[in-house]
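Spelled out, the chains give:
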Amino acid sequence: MTDLFFNKKGVEISLQAKVKAFLFVMLFCAMTISAFAQSTPRVKSSVDSTTIKIGEQVHFKVEVETDTTAQVVFPEGQTFMPLEVVEALPTDTLINQDKFNLIKEYALTQFDSGHYTLPRQQIMINNKPYFTDSLKIEVNTVAVDTTKQKMYDIKGLAQVDKPMGNWWKWLLLGIVAAAIVGGLLYWFVFRKKPLTEEEKIALLPPYDRALAELKKLDESKYLIQSEYKEYYTELTNIVRSYLEDDVHISAMESTTDELITKMELLRDSGSLKIDDDTIKQFKNVLQTADLVKFAKSTPENTIIDRDRKTIEHIVVKTKEALPEPTEEELMEQEEYVEAFKQKKKKQQIKYAIASGAVVLVLVLGVFIYKYGFSSVKDSVFGHPTKSLLESEWVGSSYGFPAIYVETPKVLKRETGTPKEEALGTNSHQVFSSGSMHSGFFVQVSVSTYKKEADFDAKKAIDAAIAQVEKAGAKNMVVKQEGLTTPTGKEGNKVFGTLEIENPETRKNREAAYIILSFVQNGGFEQVIMVYDKADLYANEIVNKITNSIDFKTES
């Protein structure tokens with residue numbers, strides 16, 4: 001007999017139907033779990049060896065299995081501290097049906113022996129973080145037989161060349177600007193340019209200049225365009241100018257009658273040996289010119305040709321009537337030519353200077369627009385903290401337990417630091433660069449405490465503030481907040497402003513300070529920075545130093 005069940009409404013349900021429903025639900029759950037498992041990325045990490053010798057490399061492999069449409073970002077930079085990245089190999093990609101298998105491999109090393117922990121690495125998949133497992137790596141020393149290997153003393157400090165920095169870029173820019181200005185000066189000042197037709201005529205003696213100008217007048221378009229007034233004005237001005245230069249009479253401002261009278265007086269005095277017929281012809285030309293210029297008379301072509309020949313005849317006759325030029329007159333002519341050349345050269349120099357100034361202003365304008373006035377000014381005239389920021393920085397580990405920090409200059413160990421008993425520590429090491437009174441001061445200190453339970457970090461921070469006050473700081477404004485470095489190390493940040501007296505000028509300057517404190521690896525590490533409050537480059541240096549802080553994990 002078939003087993004029967006009853007639901008709430010009393011309807012009979014067979015056992016076979018119940019089994020089918022149960023199997024359907026189980027199948028649906030399995031498919032849902034399978035789909036969820038397929039959509040969840042998988043991250044796996046491994047190393048080829050957990051034990052290496054100093055300087056050897058361990059290969060750290062990260063494998064990610066995810067959808068083909070997923071965006072995966074692997075870690076970059078020195079995120080593997082205390083191990084150092086030697087090389088990040090290209091990412092391998094394998095396609096498995098609708099999945100991507102991404103394999104990223106890193107070559108890591110360490111140059112100090114000890115037991116190290118390779119920290120968890122963050123892999124971003126579709127903007128969601130996934131983490132690898134942390135791994136233990138043992139770095140062993142290389143065994144050395146001291147009976148066969150000679151031992152030597154530690155070598156002293158070696159002199160190294162100063163880093164080149166970015167000064168060569170500005171030198172190159174200066175060379176380019178100088179080349180542009182030099183090219184302009186050569187082209188407009190020192191280059192021997194061919195003279196124009198007007199300049200060649202202007203350098204001729206008065207007689208030759210008058211004949212050349214008459215010939216140029218013949219080639220003009222005045223007569224073709226019926227510009228008789230302009231033609232006669234030019235014609236009479238040529239002969240008047242010649243009479244002023246060679247005969248030395250004021251002809252340009254004289255009327256026709258005044259000019260003829262002056263020539264007759266010169267003839268009567270014997271200074272100008274010219275016949276009456278020539279003077280009469282000259283008077284007729286001047287009168288015709290007056291009619292054309294003032295009465296708008298239109299002369300016939302025959303009269304125009306006659307007047308043109310008459311003017312040339314007057315110039316020639318006047319030249320013949322003049323006595324031979326004296327040596328002083330010849331000197332005056334040479335001086336005139338030389339003065340003309342000097343005037344032209346001065347004009348060229350002025351033009352070249354103006355062109356160079358325009359180019360310089362344009363170049364400065366472009367740089368000011370792109371980088372700002374202060375940046376360009378500091379780059380041209382120099383700025384101490386800008387030089388520090390753009391120099392080649394040095395990354396090094398200081399003290400024990402070591403704190404790693406990058407600075408513009410290597411920090412030097414200070415002597416005469418407070419005794420360990422005064423600070424309640426076992427050891428106290430201080431390294432610094434600059435001074436409180438300079439543009440930028442940085443100090444790194446590392447302390448180890450006798451008993452962890454007895455160590456008070458707040459007292460140590462107060463001691464650092466007291467140290468700054470002892471150096472001459474006044475009116476300190478103290479603020480405090482927590483701090484987390486880009487490498488994930490947590491610490492304390494004390495910051496604010498202060499006034500400190502300049503020992504040279506005896507004037508107070510407003511400065512800013514930052515004290516960063518950490519308790520790491522069984523020690524107390526502290527970084528103090530003091531700098532001008534309004535110095536933008538100093539703020540960049542502070543951020544760069546802060547972001548570089550890290551700590552080594554050693555046995």
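Scroll up to find the structure this text is about.
What this report covers is the structure whose coordinates are included nearby. Quantities reported herein were computed from a predicted structural model and do not represent experimental measurements. (Residues numbered from 1 in each chain as written. Predicted model: local features only at pLDDT ≥ 70, side-chain atom pairs only at ≥ 80, totals over all residues. Heavy atoms only, no water.)

**With respect to the overall build of the protein**
The condition is simple: Numbering of helices and strands runs from the N terminus; a helix is a DSSP stretch of H or I covering at least four residues, while a strand is a stretch of E covering at least two. Exposure is judged per residue with a 1.4 Å probe applied to protein chains only, and the accessible area is read against the type maximum: over 50% gives exposed, under 20% gives buried, and values in between give partly exposed. Throughout, a residue-residue contact means that at least one pair of heavy atoms, one from each residue, lies within 4.5 Å. All accessible areas in this document rest on Shrake-Rupley with a 1.4 Å probe, and a residue is counted as covered only by the protein chains that are shown.
Looking only at helices and strands, the protein has 14 helices and 24 strands in total. Taking all 555 residues of the protein together, the buried fraction comes to 32%. Intrachain contacts of the protein at a sequence separation of at least 6 include 57% that bridge at least 24 residues. When the accessible surface of the protein is totalled, it reaches about 35,700 Å², and 55% of it is carbon and sulfur.

**Examining the pattern of salt bridges**
To keep it simple, the criterion reads: A pair is scored as a salt bridge if a Lys or Arg side-chain nitrogen falls within 4 Å of a carboxyl oxygen belonging to Asp or Glu.
Tallied over the full model, the rule gives 12 salt bridges. Residue Arg 267 is joined to Asp 276 by a salt bridge in which the shortest nitrogen-to-oxygen separation is 2.0 Å. Arg 267 gets classed as partly exposed once you look at its relative accessible area, which sits at 24%.

**Some thoughts on helix 5 (residues 228–247)**
To be explicit about the condition: In this scheme, a helix's expected span is set at 1.5 Å multiplied by one less than its residue total.
Here helix 5 contains 20 residues, and its C-alpha end-to-end distance of 28 Å stays within 8% of the 28 Å for a straight helix at 1.5 Å per residue. For helix 5, every residue scored as buried is listed here: Tyr 228, Tyr 231, Tyr 232, Leu 235, Thr 236, Ile 238, Val 239, Arg 240, Tyr 242, Leu 243, Asp 246 and Val 247. Buried-residue contacts for helix 5 involve helix 4 (206–218), helix 6 (256–269), helix 7 (276–294) and helix 8 (301–321). Note on helix 5: the residue one or two positions beyond its end, His 248, has a positive phi of about 65°.

**Overview of the packing of aromatic side chains**
The condition that has to hold: Here is the rule: rings of Phe, Tyr and Trp (six-membered ring for Trp) pair when centre to centre is within 6.5 Å. Planes less than 30 degrees apart are stacked, more than 60 are edge-to-face, and the remainder are tilted. Placement of a charge over a ring requires the Lys NZ or Arg CZ to be within 6 Å of the ring centre, with the centre-to-atom vector within 35 degrees of the ring normal.
Considering all chains together, one arrives at 8 aromatic pairs under this definition. Centroid distance Phe 60 to Phe 80: 5.9 Å. Interplanar angle 70°. Geometry classified as edge-to-face. Of the two residues, Phe 60 is situated in strand 5 (residues 57–67) and Phe 80 in the loop between strand 6 (72–73) and strand 7 (84–88); the sequence distance between them amounts to 20 residues. For the pair shown, Phe 60 and Phe 80 are each scored as buried. One aromatic cluster is present, formed by Phe 60, Phe 80 and Tyr 106 through successive ring pairs. Its end group placed over the ring of Phe 131, Arg 120 keeps NZ or CZ at 4.5 Å from the ring centre. The ring of Trp 393 carries the charged tip of Lys 544 above its face, separated from the ring centre by 4.3 Å.

**Examining the sheet that holds strand 10 (residues 114–118)**
To keep things clear, this is the line we draw: Strand pairing follows a simple DSSP-based rule, namely that at least 2 bridges must link the two strands. Lines fitted to C-alpha atoms define the axes here, with helix axes fitted over just the stretch in contact, and angles between the N-to-C directions of these axes take values from 0 to 180 degrees.
Strand order in the open sheet formed by 3 strands is 4-13-10, with mixed pairing between adjacent strands. Edge positions in the open sheet fall to strand 4 (51–53) and strand 10, since each of these has one partner strand only. For this sheet, the mean angle separating the axes of adjacent strands, direction not counted, is 30°. In the sheet, strand 10 pairs with strand 13 (residues 135–140) via 5 bridges, with the strands oriented antiparallel. When the bridges of strand 13 are listed, Thr 117 appears paired with Lys 136.

**With respect to the nonpolar core**
Put simply, the rule reads: By convention a nonpolar core is built from buried Ala, Val, Leu, Ile, Met, Phe, Trp, Tyr and Cys residues, the set being connected through side-chain atoms within 4.5 Å.
The biggest cluster of nonpolar side chains holds 33 residues, and the ones touching the most others in it are Leu 243, Phe 282 and Ile 311. Looking at this core, the elements that each hand over two or more residues are helix 4, helix 5, helix 6, helix 7 and helix 8. It is helix 5 that contributes the most residues to this core, 9 residues altogether. Once residues lying within four places of it in the same chain are set aside, the contact partners of Phe 282 are Val 239, Leu 243, Leu 259, Ile 260, Met 263, Thr 310, Ile 311 and Ile 314. The next biggest cluster of nonpolar side chains, apart from the first, holds 27 residues, and it includes Tyr 398, Phe 431, Val 442 and Val 446.

**Considerations on the side chain of Thr 310**
Counted only if it meets this: Any N or O atom pair separated by 3.5 Å or less is treated as a polar contact, with the protein-specific requirement of one donor-capable and one acceptor-capable atom, and with residues adjacent in sequence counted only for side-chain atom pairs.
Examined against the element boundaries, Thr 310 turns out to sit in helix 8. A relative accessible area of 10% places Thr 310 in the buried class. Within the local environment of Thr 310, its side chain forms a polar contact with the backbone oxygen of Arg 306, the two atoms lying 2.7 Å apart. What Thr 310 contacts, discounting residues up to four positions off in sequence, is Gln 281, Phe 282 and Val 285.

**Concerning the packing of helix 6 against helix 7**
Basically, it comes down to this: Every angle not falling under 35 degrees, over 145, or within 65 to 115 is termed oblique; those three ranges are roughly parallel, roughly antiparallel and roughly perpendicular. Basically, the charged four are Asp, Glu, Lys and Arg, the nonpolar ten are Ala, Val, Leu, Ile, Met, Phe, Trp, Tyr, Cys and Pro, and anything else, Gly included, counts as polar.
As a packed pair, helix 6 and helix 7 sit with axes 10 Å apart at the nearest point and diverge in direction by 170°. Accordingly, the angle class assigned to the pair helix 6 and helix 7 is roughly antiparallel. Contact residues: Thr 256, Asp 257, Leu 259, Ile 260, Met 263, Glu 264 and Arg 267 in helix 6; Asp 276, Ile 279, Phe 282, Lys 283, Leu 286, Gln 287 and Asp 290 in helix 7. Looking at side-chain class alone, the contact of helix 6 with helix 7 contains 6 nonpolar, 2 polar and 6 charged residues.

**Some points on the environment of Glu 65**
Looking at the element boundaries, Glu 65 is found in strand 5. When its relative accessible area of 22% is taken as the criterion, Glu 65 is described as partly exposed. If we skip the residues at most four places from it in the chain, Glu 65 touches Pro 41, Arg 42, Lys 99, Phe 100 and Asn 101.

**Some thoughts on helix 14 (residues 536–548)**
Spanning 13 residues, helix 14 covers 19 Å between terminal C-alpha atoms, matching the ideal 18 Å at 1.5 Å per step. Within the span of helix 14, buried status applies to Tyr 537, Ala 538, Ile 541, Val 542, Ile 545, Thr 546 and Ser 548. Among the residues of helix 14, the N-terminal cap falls to Asp 535, whose side-chain oxygen and the backbone nitrogen of Tyr 537 are separated by 3.0 Å.

**Considering a nonpolar patch on the surface**
Convention followed: Patches draw on residues past 30% relative accessible area with no salt bridge. Two like charges within 9 Å are joined, as are two nonpolar side chains (Val, Leu, Ile, Met, Phe, Trp, Tyr) within 5 Å.
Where nonpolar side chains cluster on the molecular surface, the patch consists of Trp 168, Leu 172, Val 176 and Ile 180 and spans about 340 Å² of accessible area. Inspection of the secondary structure puts Leu 172 in helix 2 (residues 167–190). Using a relative accessible area of 46% as the deciding quantity, one classes Leu 172 as partly exposed.

**As for the environment of Arg 42**
In this structure, Arg 42 sits in strand 3 (residues 42–47). Classification of Arg 42 by relative accessible area gives exposed; the value is 52%. C-alpha separation for the pair Arg 42 and Thr 66, spaced 24 residues apart in sequence, amounts to 6.6 Å. Not counting chain neighbours up to four residues away, the residues in contact with Arg 42 comprise Glu 63, Val 64 and Glu 65.

**Some thoughts on the sheet that holds strand 24 (residues 550–551)**
Here 3 strands make up an open sheet; going across it, the order is 14-15-24 and the pairing antiparallel. Both edges of this open sheet fall to strand 14 (394–398) and strand 24, since each of them pairs with a single strand only. Sheet analysis places strand 15 (residues 403–407) next to strand 24, joined by 2 bridges and oriented antiparallel. Within the sheet, the bridge partner assigned to Ile 403 lies in strand 24 and is Phe 551. Docked against the sheet, helix 14 engages strand 15 and strand 24, running at close to 155° with respect to strand 15.

**Topic: the pairing of strand 13**
With burial as the criterion, only one face of strand 13 is covered, namely that bearing Leu 135, Ile 137 and Val 139; the residues Lys 136, Glu 138 and Asn 140 on the opposite face remain uncovered. In the sheet, strand 4 pairs with strand 13 via 3 bridges, with the strands oriented parallel. Residue pairing across strands places Lys 53 opposite Asn 140, the latter belonging to strand 13.

Note that every value here comes from positions in space, so none of it alone points to a role or purpose.
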